[in-house]
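Read off the chains here:
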Amino acid sequence: MSRRATALRSYPGHYQPLKAVPFTPSLPPFELFPRAVWNRLLNREAARPGSAYWAYGASNGLPALREAIAAHASAMRAVACSPEQVVVVTSTQQAVELAGKALADPGDSAWAEVPGYQPVQHCLRAVGLEVIQVPVDEHGLDVAAGQRLAPRARLAYVTPAHQYPLGYEMSLERRKALLGWAREQDAYIVEDDYDGDYRYEGRPLASLQGMDGDGRVIYVGSFNKILFPGLRIAYAIVPEPLVGAFVDAKHVADGHTALLTQGVLAAFIQEGHLARHLRKTRAVYDERRRAFLEEAKVLADSLDFGPARAGMHVAGFFKARLDDRAVAAKCARSRIEVQPLSKFGATGHGGLVFGFAGSTRAAMRSGLEIVRRALP
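With that settled, the discussion passes to the packing of helix α4 (residues 92-103) against helix α9 (residues 243-254). Two elements in contact, α4 and α9, have axes whose closest approach is 9 Å; the angle formed by their N-to-C orientations is 115°. For the crossing formed where α4 meets α9, the hand is right-handed. Of the residues in α9, those in contact with Gln 94, Ala 95, Leu 98, Ala 99, Ala 102 and Leu 103 of α4 are Ala 245, Phe 246, Ala 249, Lys 250, Ala 253 and Asp 254. Residue classes in the contact of α4 with α9 are distributed as nine nonpolar, one polar and two charged.

Two modes of strand pairing occur in sheets, parallel and antiparallel, and in both the strands are linked by backbone hydrogen bonds. One open sheet holds the four strands; their spatial order is β9-β10-β12-β11, and the pairing between them is antiparallel. Each having just a single partner strand, β9 (303-305) and β11 (339-340) make up the two edges of the open sheet. Pairing geometry for β9 and strand β10 (residues 313-318), over three bridges, is antiparallel. Among the inter-strand pairings, Phe 305 is bridged to a residue of β10, identified as Gly 316.

When its volume is computed, the second largest pocket comes out at roughly 190 Å³. Surrounding the second largest pocket, 15 residues form its lining, Arg 77, Gly 196, Asp 197, Arg 199 and Pro 204 being those nearest its centre. The leading source of residues in the lining of the second largest pocket is helix α3 (residues 63-77), at three residues. Within the lining of the second largest pocket, the residues separate by chemical class into seven nonpolar, three polar and five charged.

Time to look at helix α2 (residues 35-46). The first and last C-alpha atoms of α2 sit 16 Å apart over twelve residues, in line with the 16 Å expected at 1.5 Å per residue. Taken together, the buried positions of α2 are Trp 38, Leu 41 and Glu 45. Looking straight down α2, one finds its buried side chains confined to an arc of 65°; they lie on one side. More than 90 degrees from the buried face of α2, the exposed residues found are Arg 35, Ala 36 and Asn 43. Where the residues of α2 are buried, they touch α10 (259-270) and α11 (273-295).

Below, the discussion takes up the sheet that holds strand β6 (residues 188-192). Taken in spatial order, the eight strands of this open sheet run β1-β8-β7-β6-β5-β2-β3-β4, and their pairing is mixed. Both edges of this open sheet fall to β1 (86-89) and β4 (140-141), since each of them pairs with a single strand only. Looking at chain direction, strand β2 (residues 109-114) and strand β3 (residues 130-137) are connected through six bridges and run parallel. Across the sheet, Val 114 pairs through a bridge with Pro 135, a residue of β3. Helix-sheet contacts for α3 involve β1, β7 (217-222) and β8 (234-237), and the interaxial angle to β1 is about 110°.

Right, let's get into empty space enclosed by the protein. Evaluated as defined, the whole model comprises two cavities of 30 Å³ or more. By volume, the largest cavity is sized at about 90 Å³. Around the largest cavity, the lining comprises 14 residues; the ones closest to its centre are Asp 193, Asp 197, Tyr 219, Gly 221 and Tyr 235. When contributions to the lining of the largest cavity are tallied by element, the ones reaching two or more residues are α3 and β7. In terms of residue class, the lining of the largest cavity is built from six nonpolar, four polar and four charged.

Conventions used here
- Residues numbered from 1 in each chain as written.
- Predicted model: local features only at pLDDT ≥ 70, side-chain atom pairs only at ≥ 80, totals over all residues.
- Heavy atoms only, no water.
- Axes fitted to C-alpha atoms, helices over the stretch in contact; angles between N-to-C directions.
- Helix = DSSP H or I, 4+ residues; strand = E, 2+ residues; numbered from the N terminus.
- Left-handed = near helix turned anticlockwise from the far one by under 90°.
- Contact = heavy atoms within 4.5 Å.
- Nonpolar A, V, L, I, M, F, W, Y, C, P; charged D, E, K, R; others polar.
- Pairing = 2+ DSSP bridges.
- 1 Å grid on protein atoms, 1.4 Å probe; cavity = no way out; pocket = protein on both sides within 12 Å on 5 of 7 lines; lining within 4 Å.
- Points joined across faces, edges and corners; volume = space filled by probe spheres on them.
- Expected span 1.5 Å × (residues − 1).
- Buried < 20%, exposed > 50% of the residue type's maximum accessible area, 1.4 Å probe, protein only.
- Arc of directions from axis to C-beta.

Okay, here's the thing in structure tokens:
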């Protein structure tokens, strides 16, 4: 194998599908998805005359879906864009890989949050970039630390609305500093808003892209977490001068994303089903979030929990130094899925990441009891 292939093999577990058990992060409860509506739209779109869904398609995506995405992102996240700036992709990882190909050369460096989302870091490495791990604190990415480590990096990957996995929000001061760095260094920011549709406390946070007046932010969103992971549709909203480069990179990568599925999703959004689904799941997830925080008091002697104002997961930090991977492995043997913080590059006493969206209160209670017994 090549050295690149060897490096990519260092990320374990990507061949196995995630199981819907407590407390798998970022896995929505499938029973809440309106399958009857989706099936009706699927049958209707598949029966349409013509070859729009059956021939080769545009690499940037179906016009109807790009229009629906632009309207959704503008209304929900204050993203400033036109449909022409939307590029439909299969996943957040593909969007980041396209950004690396379009905006950086092999050997360039890219900032990534630590602790942070490891698959994205592997995507950056796969296109030949040096990943610079920039620490995160309660204010988000430490921009000053990034400037010390690699001031001339070409890219910065961030999760400002709900940092993954710690859950912090990037402060306004840090946001301004990050945008200022990108402007001064001719660099670009990939803003991953992976669960920005779910906020339970306080006012919705405006996107970093909406603050950007210099065309330095590539905004990335995904339907794979808010609908179902098997969908494989996400999107990048790209500054106008860069659209051509992104579309070319997408064309080389895989031509285009599946057309019939794009058509069904476009109808799902345009006919209001997405908005209704988000309202329903937001209320359910909020209830489950509150239930989790209440039930998790059983772990109060061992864990302090981070912010849980948004998203589908919450991080817990061990009060004493423990082997979080050993704890997670012990839980897994009892079919309880918790992610060790060290897996994301975290240092210190360690901790666990709990997804709360996919579990009932009863499942949480029994699952947390298993976690409690797994602690030394």
